[in-house]
Amino acid sequence: MALVPVWPGEAQIAFQYITNGSGILVGLLFALMIVRLILFVIVWGSSRGVYHFWLLPNINDDKLGIIETFKPLYSLQDYYAEKERKEQRKKRRLARERGEVSSSEVTSATEEKRGASRSSLSRGNDEAQGEEEEVEGVPPESKKDI
């Protein structure tokens, strides 16, 4: 910046455009973050903390490329449903580790998964059973023992 007065006129104008352009981009990024926050607070407050809405949820992820940063456009999550599913998985995992899993718990979990897979028309029965094994995290060999 100290040598700007000695630069030719065209270089000074280019430097000014680059500086102003980068300042505008940073300003737009901050404005986007503020808009995201306002939308989140509106949805979160109107749903009393149940739903979390994010516009451009991957915008702050450093590991993604430029195109992947803008995909998906938005995300809407039901906080309590996800929290409940995680707690159930954790309880089942801990029970399996302790050997406290009864056959009725495995049967009821299997029936719940099958009921959910029957209600979805887009998947086949074989795919739903494969997902059931992955979600529960129990290998097929240990299911036979239970």
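Residues numbered from 1 in each chain as written. Predicted model: local features only at pLDDT ≥ 70, side-chain atom pairs only at ≥ 80, totals over all residues. Heavy atoms only, no water.

## What about the overall build of the chain?
Within the chain, the regular secondary structure consists of six helices and two strands. From first element to last, N terminus to C terminus, the chain shows the α and β order α-β-α-β-α-α-α-α. Residues classed as buried in the chain amount to 14% of the 146 residues present. Taking all contacts inside the chain whose residues are at least 6 apart in sequence as the whole, residues at least 24 apart take part in 31%. (Helix = DSSP H or I, 4+ residues; strand = E, 2+ residues; numbered from the N terminus. Buried < 20%, exposed > 50% of the residue type's maximum accessible area, 1.4 Å probe, protein only. Contact = heavy atoms within 4.5 Å.)

## Considering the pattern of salt bridges
Counted under the stated rule, the structure contains one salt bridge. Across the salt bridge formed by Glu97 and Arg93, the nearest N and O atoms sit 3.3 Å from each other. Of this pair, Glu97 and Arg93 are both found in helix H3 (residues 79-98), four residues apart, which corresponds to roughly one turn of the helix. Of the residues examined, Glu97 reaches a relative accessible area of 56% and is grouped as exposed. (Salt bridge = Lys/Arg side-chain N within 4 Å of Asp/Glu carboxyl O.)

## With respect to helix H1 (residues 9-46)
Here H1 spans 55 Å end to end across 38 residues, near enough to the 56 Å set by a 1.5 Å rise per residue. Remark: Arg48 follows H1 within two positions and exhibits a positive phi of approximately 60 degrees. (Expected span 1.5 Å × (residues − 1).)

## Observations regarding the packing of aromatic side chains
Per the counting criterion, the structure on display carries three aromatic pairs. The interplanar angle of 15 degrees and the centroid separation of 4.4 Å between the aromatic rings of Phe40 and Trp54 together place this pair among those described as stacked. Note that Phe40 is positioned in helix H1 and Trp54 in strand S1 (residues 51-55), a separation of 14 residues in sequence. (Phe/Tyr/Trp six-rings, centres within 6.5 Å; stacked < 30°, edge-to-face > 60°.)

## A closer look at a nonpolar patch on the surface
On the surface, Tyr51, Leu73, Tyr74 and Leu76 cluster together into a nonpolar patch covering about 450 Å² of accessible area. Overall, Tyr51 belongs to the partly exposed group, its relative accessible area being 37%. (Patch = residues over 30% accessible without salt bridge, like charges linked within 9 Å, V, L, I, M, F, W, Y side chains within 5 Å. Areas by Shrake-Rupley, 256 points an atom, 1.4 Å probe, with all protein chains shown as cover.)

## Some thoughts on unusual backbone geometry
In this model, Lys71 is joined to Pro72 through a cis peptide bond whose omega is -10 degrees. Backbone geometry at Arg48 places phi at a positive 60 degrees, although glycine is not the residue there. Within the fold, Arg48 resides in the loop between H1 and S1. Classification of Arg48 by relative accessible area gives exposed; the value is 76%.

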